[in-house]
Amino acid sequence: MNTISSNFSLKNYNTFNIDVKSDKFISINTEDQLLDFLPKNKDEDNIFFLGGGSNVLFSKDYKGTIVHISIKGKKIIEESNDNIIIEVNSGENWHEFVLFCVNSGYGGVENLSLIPGNVGTSPIQNIGAYGVELKDVFDSCIVVDKLSLKSKQLNLTDCRFDYRDSIFKNEAKGKYIITEVVFKLTKKNHELNTSYGAINTVLLEKGITNPSLKDVSNAVIKIRQEKLPDPNVIGNSGSFFKNPVVSKQEFDMLQARFEDIPFYPISENEIKIPAGWLIEQAGFKGKRFGDAGVHDRQALVLVNHGNATGEEIWLLAKKIQQEISRIFQVTIEPEVNLI
């Protein structure tokens, strides 16, 4: 079993770079270590299992134990001429996994390039970008039940994926630890999605009319780097808010007031609105409140300019929510989990 550290700084374990401490901290590198740790600590209430730290906001010191899941490795489970099924351990960095797939000629995750975080947390959020969501490439995941200590496999239906949502955020919240995620990817006849956002524009600027997986991935990386700040340079968690989904009737009323409002139909009666546009229209883009602020190139991103506390960033998020509700009568919900 790895050493448990006391009064441990979490600054390097969350992408907001919030300098808080946990009473205790341990890094778990194998599933055996996890199964050794759990029964010995089953009576402790305040245990938080941390992955890549890209979707959490620590508002204060953590009075308990942070368990950092850092189980690495991947293996091919099944392969045919057309498809490949890969099992990836939860501690693998998400973007490094995407690059591995792109460089290996495995299609399906290229639009999800440069998303921060680890593989193990990707199903919780049903991460998505540029017209692709995790559920589109998801086969199953292996979880450990924290009470029974038994492993089980959850398939696509079990996980109840929805927009930035899953069973892990609802009925099964806090019940399981995801140790492996299994992906089904294509080896040929890839269905490239280049119509969402500016991907096609970037490809055409480069004179690419028949893009490869790498071309799409590079286009997404270019767009994200131009719009989104690097957490290693300025603390952030990527998109802080979900894009709100409204009914067609609600959208028609909004469009009557704001003619240039961008939108994405997702069903006959549901319209997705970019939260970044709403925040920008409300005047928050580039604004700074002490060291907590809104990014100057992408209003969907809240940033730590250096010494902001998690509480200060959360108060800014609440202020933005209230103003969006006042102006647009639309509710925007955080993607980020407050700890």
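First, a word on scope: everything that follows refers to the structure included in this document. Each chain carries its own residue numbering, running from 1 in the direction its sequence is written. Only residues with pLDDT of 70 or above have their local features reported here, since the model is predicted, and side-chain atom pairs are shown and tallied only from 80 upward, although totals for entire chains, interfaces and linings are computed over all residues. Note: side-chain values were computed over all heavy atoms of the structure, leaving out hydrogens and water.

With that settled, consider the pairing of strand β10 (residues 138-145). Remark: exposure states derive from per-residue accessible area (1.4 Å probe, protein chains only) relative to the maximum for the residue type, with buried under 20%, exposed over 50%, and partly exposed in between. By definition, any uninterrupted DSSP run of H or I lasting at least four residues is a helix, any uninterrupted run of E lasting at least two residues is a strand, and each is numbered from the N terminus. Of all eight residues that make up β10, seven are buried, and the element is covered over most of its length. When β10 meets strand β12 (residues 176-186), the two strands line up antiparallel, connected through seven bridges. Bridge pairing links cysteine 141 to valine 181 in β12. Where β10 lies against strand β11 (residues 151-155), five bridges are found, and the strand directions are antiparallel. Bridge pairing in β11 links cysteine 141 to leucine 154. A pair of strands is treated as paired once DSSP finds two or more bridges between them. Taking the residues that link successive antiparallel strands as the turn, the β10-β11 hairpin has five residues, and the phi of leucine 149 there is positive, at about 65°.

Any two cysteine sulfur atoms within 2.5 Å of one another count as a disulfide. Considering all chains together, one arrives at zero disulfides under this definition. Not part of a disulfide, cysteine 101 finds its nearest cysteine sulfur in cysteine 141, a span of 17 Å. We classify cysteine 101 as buried; its relative accessible area is 0%. A disulfide-free cysteine, cysteine 141 has its sulfur positioned 4.1 Å from the sulfur of cysteine 159, the nearest such atom.

Our next topic: the sheet that holds strand β15 (residues 264-267). In spatial order, the strands read β14-β16-β15; together these three strands make up an open sheet with antiparallel pairing. Either end of the sheet is taken by a strand with one partner, and the two such strands are β14 (245-247) and β15. Going from strand to strand, the sheet's axes swing by 35° on average, the running direction of each strand aside. Pairing between β15 and strand β16 (residues 270-272): three bridges, direction antiparallel. Residue pairing across strands places tyrosine 264 opposite lysine 272, the latter belonging to β16. In this analysis, two residues are considered to be in contact whenever any of their non-hydrogen atoms come within 4.5 Å of each other. Axis lines are fitted to C-alpha atoms, over the contacting stretch for helices. Their N-to-C directions set the angle, which ranges from 0 to 180 degrees. Here helix α7 (residues 248-257) sits on the sheet and contacts β14 and β16; the angle it forms with β14, its principal contact strand, is near 95°.

With that settled, consider the pattern of salt bridges. The rule for a salt bridge is simple: a side-chain nitrogen of Lys or Arg has to be within 4 Å of a carboxyl oxygen of Asp or Glu. Scanning the model with the defined rule gives 16 salt bridges in all. Taking the shortest distance from any N to any O, the salt bridge between lysine 24 and glutamate 44 comes out at 3.8 Å. One end of the pair, lysine 24, is in strand β2 (residues 21-28); the other, glutamate 44, is in the loop between α1 (31-40) and β3 (47-50), with 20 residues separating them in the sequence. For lysine 24, a relative accessible area of 31% gives the class partly exposed. Using a relative accessible area of 23% as the deciding quantity, one classes glutamate 44 as partly exposed. What emerges from the salt-bridge pattern is a single network uniting Glu133, Lys135, Asp136, Arg164 and Glu335.

On to the packing of helix α2 (residues 94-104) against helix α6 (residues 213-227). Running from N to C, α2 and α6 cross one another at 150°; their axes reach a closest spacing of 9 Å. By the angle between their axes, α2 is roughly antiparallel relative to α6. Crossing angle aside, the handedness with which α2 passes α6 is left-handed. Listed contacts from α6 to His95, Leu99, Val102 and Asn103 of α2 are Leu213, Lys214, Ser217 and Ile221. Ten residue types, Ala, Val, Leu, Ile, Met, Phe, Trp, Tyr, Cys and Pro, are classed as nonpolar, four, Asp, Glu, Lys and Arg, as charged, and the remainder, Gly among them, as polar. Here the residues of the contact of α2 with α6 are counted per class, giving four nonpolar, three polar and one charged. Put simply, angles under 35 degrees are roughly parallel, angles over 145 are roughly antiparallel, angles from 65 to 115 are roughly perpendicular, and the rest are oblique. Crossing handedness is defined as follows: a turn of the near helix away from the far one that is anticlockwise and smaller than a right angle gives a left-handed crossing, while the clockwise case is right-handed.

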